[in-house]
Amino acid sequence: MTVPPRSGEVTRGDAVLLGLFLACWALSLLSFTRVVWLAGSLPLTLYGYYSVAVALGWGFGMLYVRRTWGLPTPVRRRFLLIYYLGPPAILGVLRSMAPWPDQSAAPFVPLYAFGVFSILFLVPVTMRFPRPMG
């Protein structure tokens, strides 16, 4: 029988997500400094890239609301760092995997994708939902 986590306690899932996000940020940094060359390994169209940004924003916004329901504000801020600043690392890795001519032709695409992610993250965070069950 599993014991539910106490309020504000970091669960195993949170630790896995944090590790994934840190690994993606490190890979993005290594790709940006040209230590690791990822360009051309995933020719994702802009439509697909922005679709990933939409899905990440909405999904992690909902996950943040569900995970921090009823927690005090200082604890929610700590979780906000994980759930808001972590998923854009995945967007950074995906963009660094685009073909080099596409990256150089549209250098502000990651910034716009972060804007799309932010807007769709804030929608569930700012809405008032009834208390979740279970």
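Conventions and cut-offs
- Residues numbered from 1 in each chain as written.
- Predicted model: local features only at pLDDT ≥ 70, side-chain atom pairs only at ≥ 80, totals over all residues.
- Heavy atoms only, no water.
- 1 Å grid on protein atoms, 1.4 Å probe; cavity = no way out; pocket = protein on both sides within 12 Å on 5 of 7 lines; lining within 4 Å.
- Points joined across faces, edges and corners; volume = space filled by probe spheres on them.
- Nonpolar A, V, L, I, M, F, W, Y, C, P; charged D, E, K, R; others polar.
- Salt bridge = Lys/Arg side-chain N within 4 Å of Asp/Glu carboxyl O.
- Helix = DSSP H or I, 4+ residues; strand = E, 2+ residues; numbered from the N terminus.
- Buried < 20%, exposed > 50% of the residue type's maximum accessible area, 1.4 Å probe, protein only.
- Phe/Tyr/Trp six-rings, centres within 6.5 Å; stacked < 30°, edge-to-face > 60°.
- Core = buried A, V, L, I, M, F, W, Y, C linked by side-chain atoms within 4.5 Å.

S.K.: I would appreciate a short explanation of empty space enclosed by the protein in the present structure.
M.R.: Space left empty within the atom packing is revealed by a probe, the size of a water molecule, rolled over the atoms. Scanning all chains against the criterion turns up one cavity of 30 Å³ or more. Taken as a whole, the largest cavity encloses approximately 30 Å³ of empty space. Residues that form the lining of the largest cavity fall into these classes: four nonpolar, three polar and one charged.

S.K.: Just checking my understanding: could you explain the pattern of salt bridges for this structure?
M.R.: Side-chain pairing between opposite charges can occur once the charged atoms of the two side chains come close. Taken as a whole and judged by the stated rule, the model has one salt bridge. Between D14 and R67 there is a salt bridge; the shortest N-O distance is 2.9 Å. Of this pair, D14 sits in helix α1 (residues 12-32) while R67 sits in helix α2 (residues 46-67); the two residues are 53 residues apart in sequence, bridging distant segments of the chain. Here D14 and R67 have matching classes, each one buried.

S.K.: What is the right way to look at the packing of aromatic side chains in this model?
M.R.: How two aromatic rings sit relative to each other is set out by the distance from centre to centre and by the angle between their planes. A complete count under the given rule lists 13 aromatic pairs for this structure. Here Y64 and F121 contribute two aromatic rings whose centre-to-centre distance is 5.8 Å and whose plane-to-plane angle is 40 degrees, an arrangement assigned as tilted. Of this pair, Y64 sits in helix α2 while F121 sits in helix α6 (residues 109-126); the two residues are 57 residues apart in sequence, bridging distant segments of the chain. You'll find Y64 and F121 in the same group, each marked buried.

S.K.: Can you walk me through the nonpolar core in this structure?
M.R.: As a rule of thumb, soluble globular proteins bury nonpolar side chains together. Ranked by internal contacts, the top residues of the largest apolar core, which has 23 residues, are F60, Y83, L91 and F121. Elements that contribute at least two residues to this core include exactly α1, α2, α3 (73-85), α4 (88-96) and α6.

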